[in-house]
Amino acid sequence: MRLALKRSGGIAGLTLRAEVETEELPEEEGRELRELVRRTNIEGLAERGSRPRGADRYQYDVAVEDGDHRARAVVSGEHVPPELRSALDRLLQRQLG
Amino acid sequence: MCRGRTPFHCFVPPHVLRSIAENGDGDQRKAALATLTRDQSIRLARVQNAKVRAGGPREGADFLAVAATPRPDRRIRDAQGREEVARGPFVRREGDPPTGDKAADEAYDGLGDTFGFFLEVYGRDSIDDEGMPLRGVVHFGEQFANAFWDGRRMVFGDGDGVILGRMTRSLDVIGHELGHGVTEAEAGLEYWGQSGALNESMSDVFGSLVEQRKRNQKADAADWLIGNEVWTPKIKGDALRSMKAPGQAYDDPLVGKDPQPAHMRDYVETVDDNGGVHINSGIPNHAFYTTATKLGGFAWERAGRIWYESLQHPALKPTTGFARFARITLRVAERLHGQTSGEVKAVREGWDKVGVPTSAGA
């Protein structure tokens, strides 16, 4: 499974990006991430929309390629399930070293 | 529709209500019209109240008026590292002594400074001008490098320790977040594209003015920076944004270069960041800076009042973009200071500088 992630916005207005092949992650981490993403209805997230409640929230752009299945959502942080959001934040934060 | 008492639970935006009022069936129309009328009268009452209060205590003011001097009602919770805004314990409420926890005390003090700014300068009683409690949440999340307004509260993270530190360190960040509450209550500027960038810019304007007033700085002495204290020492940058020089607040190998434009010709079209709300806010930010420095003196007194009253103007819609807002600021300046005043000239020069037209046909 391939993930292309982008987190933008927040008061600082910084954009962080990460591209991940779950097969290239340590085995357990990769498996957990695949299960987490497959459990989440990414298309459903997209329907909840990117408009935030309030202001200065993070906006997530999540694109998934899983075999033949492709999905993408641009969504305000409060609409992303907390467990998935934490996993995405860890992957993004790793880009900063 | 919209039966809740607070406007924050009222999700039907005025343009939708207007559409229902025009196109709905009998009952829908009645309900939509009632809501629209109520919103409009609340807004007018607020403007009226603010004007009365802004005059300060008058001669012969009666006892009741004095007794009713608004006071802040601060309520600071500690989220204890969880992403929960309403669960953590209250660590400091109004009148409590300092806790010794830096984030909690900075949030308490900063919200107090911002409350005092709005009350003493514009006669505004808190976020909704009706004494709304100031709900602050500190230590939100793990390595959370952000601060936000959730529609009800001001929420602050401790930073990731790599690029950003504790968000409460900057008074203008606290003022920025409370400012989002004021903008939401007054204008409901939609958080997308130009209206979203205006929403962001209003928060930078208020945040900067709160700090300038706290430091007793005139426009030419102020740094016009937002978030000077939140980068970690390893990041090469002065601040998150510069109203004086948008695009020049930081330039660093890890986080890149400040992407803010200072002119319409460099407006950034993007779907990131809700259509670039933290990017294109550089344009109205620089217009405000230009107006305020041309006028000189304390920026909150004239430039700030013009912008604040523009936010309350009935012609401001949730989808208002830069050009419409610019024309509103000009109208407000004309009303407050007269058509041939230096203030009107400064406002026009401010918008000219960033390439936003203010002429009626634009």
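Residues numbered from 1 in each chain as written. Chains lettered and ligands numbered in written order. Predicted model: local features only at pLDDT ≥ 70, side-chain atom pairs only at ≥ 80, totals over all residues. Heavy atoms only, no water.

Re the overall build of chain B
Within chain B, the regular secondary structure consists of eleven helices and nine strands. When contacts within chain B are restricted to residue pairs at least 6 apart in sequence, long-range pairs at least 24 apart make up 58% of them. Summed over its atoms, the accessible surface of chain B is roughly 15,500 Å², and 49% of this surface lies on carbon and sulfur atoms. (Helix = DSSP H or I, 4+ residues; strand = E, 2+ residues; numbered from the N terminus. Contact = heavy atoms within 4.5 Å. Areas by Shrake-Rupley, 256 points an atom, 1.4 Å probe, with all protein chains shown as cover.)

Quick look at the packing of aromatic side chains
The description of an aromatic ring pair uses the distance of the two centres, along with the angle that the planes make with each other. All names here are of chain B. Counted according to the given criterion, the structure contains 21 aromatic pairs over all chains. Taken together, a centroid distance of 6.4 Å and an interplanar angle of 55° make the contact between Phe118 and Tyr122 tilted. Here Phe118 and its partner Tyr122 are both found in helix α4 (residues 102-122), four residues apart, which amounts to about one turn of the helix. Taking relative accessible area as the criterion, Phe118 reaches 2% and is therefore assigned buried. Plain terms: the ring middles of Phe206 and Tyr308 are 6.3 Å apart, the flat faces sit at 70° to each other, and that makes the pair edge-to-face. Of the two residues, Phe206 is situated in helix α6 (residues 193-214) and Tyr308 in helix α9 (residues 303-311); the sequence distance between them amounts to 102 residues. Judged by its relative accessible area of 1%, Phe206 falls in the buried class. Among the aromatic side chains, those forming a connected cluster through ring pairs are Trp224, Phe288, Tyr289, Trp307, Phe325 and Trp351. In this structure, Arg74 packs its charged tip against the face of Tyr108, placed 3.7 Å from the ring centre. Across from the ring centre of Phe90, 4.3 Å away, lies the NZ or CZ of Arg93, which sits over that ring. (Phe/Tyr/Trp six-rings, centres within 6.5 Å; stacked < 30°, edge-to-face > 60°. Buried < 20%, exposed > 50% of the residue type's maximum accessible area, 1.4 Å probe, protein only. Lys NZ or Arg CZ within 6 Å of the ring centre and 35° of its normal.)

Notes on the interface of chain B and chain A
The interface of chain B with chain A comprises 35 residues on the first partner and 23 residues on the second. Both sides together, the interface formed by chain B and chain A hides about 2,500 Å², and carbon and sulfur atoms give 52% of it. Considering only the surface of chain B that becomes buried against chain A, B:Asn146, B:Tyr191 and B:Asp272 emerge as the three largest contributors, covering 19% of it. Our enumeration of links across chain B and chain A arrives at two salt bridges. (Buried area = accessible area lost by both parts, 1.4 Å probe. Salt bridge = Lys/Arg side-chain N within 4 Å of Asp/Glu carboxyl O.)

Considering the nonpolar core
Residues and elements named next belong to chain B. One finds Phe117, Phe156, Leu164, Trp224, Phe288, Trp307 and Trp351 to be the most contacted residues of the largest nonpolar core, which totals 116 residues. The element best represented in this core is α4, accounting for eleven residues. Those residues in contact with Phe156 that lie beyond four places of it in its chain are Ala107, Val137, Val138, His139, Phe140, Asn146, Ala147, Met167, Thr168, Val173, Ile174 and Glu177. (Core = buried A, V, L, I, M, F, W, Y, C linked by side-chain atoms within 4.5 Å.)

Digging into the packing of α4(B) against α9(B)
Residue and element names in this part refer to chain B. Running from amino to carboxyl end, α4 crosses α9 at an angle of 95°, the nearest separation of the two axes being 12 Å. In terms of their interaxial angle, α4 and α9 are classed as roughly perpendicular. When α4 is examined against α9, the residues Phe118, Val121 and Tyr122 are found in contact with a partner set consisting of Gly304, Arg305 and Tyr308. Considered class by class, the residues forming the contact of α4 with α9 number four nonpolar, one polar and one charged. (Axes fitted to C-alpha atoms, helices over the stretch in contact; angles between N-to-C directions. Parallel < 35°, antiparallel > 145°, perpendicular 65-115°, else oblique. Nonpolar A, V, L, I, M, F, W, Y, C, P; charged D, E, K, R; others polar.)

Observations regarding empty space enclosed by the protein
Applying the stated criterion across every chain yields a total of two cavities of 30 Å³ or more. Across the lining of the largest cavity, the residue classes break down as eight nonpolar, five polar and two charged. What lines the second largest cavity is simply A:Ala12, A:Gly13, B:Leu240, B:Arg241, B:Tyr250, B:Asp258, B:Pro259, B:Gln260, B:His278 and B:Ile279. (1 Å grid on protein atoms, 1.4 Å probe; cavity = no way out; pocket = protein on both sides within 12 Å on 5 of 7 lines; lining within 4 Å. Points joined across faces, edges and corners; volume = space filled by probe spheres on them.)

Topic: the pattern of salt bridges
Pairs can form between side chains of opposite charge once their charged atoms are near each other. Residues and elements named next belong to chain B. Counted according to the given criterion, the structure contains 30 salt bridges over all chains. Two residues, Glu94 and Arg74, come together in a salt bridge whose shortest N-O distance is 2.8 Å. Remark: Arg74 occurs in strand β1 (residues 74-78) and Glu94 occurs in the loop between β2 (90-93) and α4; sequence separation between them is 20 residues. Given a relative accessible area of 30%, Glu94 falls into the partly exposed group. Across the pair Arg166 and Glu106 runs a salt bridge whose closest N-O atoms are separated by 2.7 Å. Taken together, the positions of Arg166 in the loop between β5 (154-156) and α5 (171-186) and Glu106 in helix α4 put the pair 60 residues apart, joining distant regions of the chain.

Some words on the sheet that holds β1(B)
The pairing of strands in a sheet comes from backbone hydrogen bonds and takes either a parallel or an antiparallel form. Residues and elements named next belong to chain B. A sheet is described by the order of its strands in space; here five strands give the open sequence β2-β1-β3-β5-β4, paired in mixed fashion. If you trace the sheet from one side to the other, it starts and ends with β2 and β4 (147-149), each paired once. In this sheet, neighbouring strand axes are inclined to one another by 20° on average, regardless of whether the strands run parallel or antiparallel. Packed onto the sheet, α4 meets β1, β2, β3 (134-138) and β5 and runs at close to 155° relative to β1. (Pairing = 2+ DSSP bridges.)

Considerations on the environment of B:Ala287
All names here are of chain B. Here Ala287 shows up in helix α8 (residues 282-295). Ala287 gets classed as buried once you look at its relative accessible area, which sits at 0%. Ala287 sits 194 residues away from Arg93 along the chain, and the two C-alpha atoms are 38 Å apart. When neighbours within four sequence positions are excluded, Ala287 is seen to be in contact with Trp307, Gly350, Trp351 and Val354.

Quick look at the confidence of the model for chain B
Per-residue confidence for chain B gives a mean pLDDT of 88, with 81% of residues at or over 70. Confidence drops under a pLDDT of 50 for residues 1-17 of chain B, and excluding neighbours within four residues, the segment shows 25 contacts in the predicted structure. (pLDDT = per-residue confidence, 0-100.)

Quick look at the sheet that holds strand β2 (residues 16-21) of chain A
Residues and elements named next belong to chain A. In spatial order, the strands read β2-β1-β3-β4; together these four strands make up an open sheet with antiparallel pairing. The strands lining the two open edges of the sheet, one partner per strand, are β2 and β4 (69-76). Strand-to-strand twist in this sheet, taken as the mean axis angle between neighbours without regard to direction, amounts to 10°. Alignment of strand β1 (residues 2-9) against strand β3 (residues 58-66), held across eight bridges, turns out to be antiparallel. Among the inter-strand pairings, Leu5 is bridged to a residue of β3, identified as Val62.

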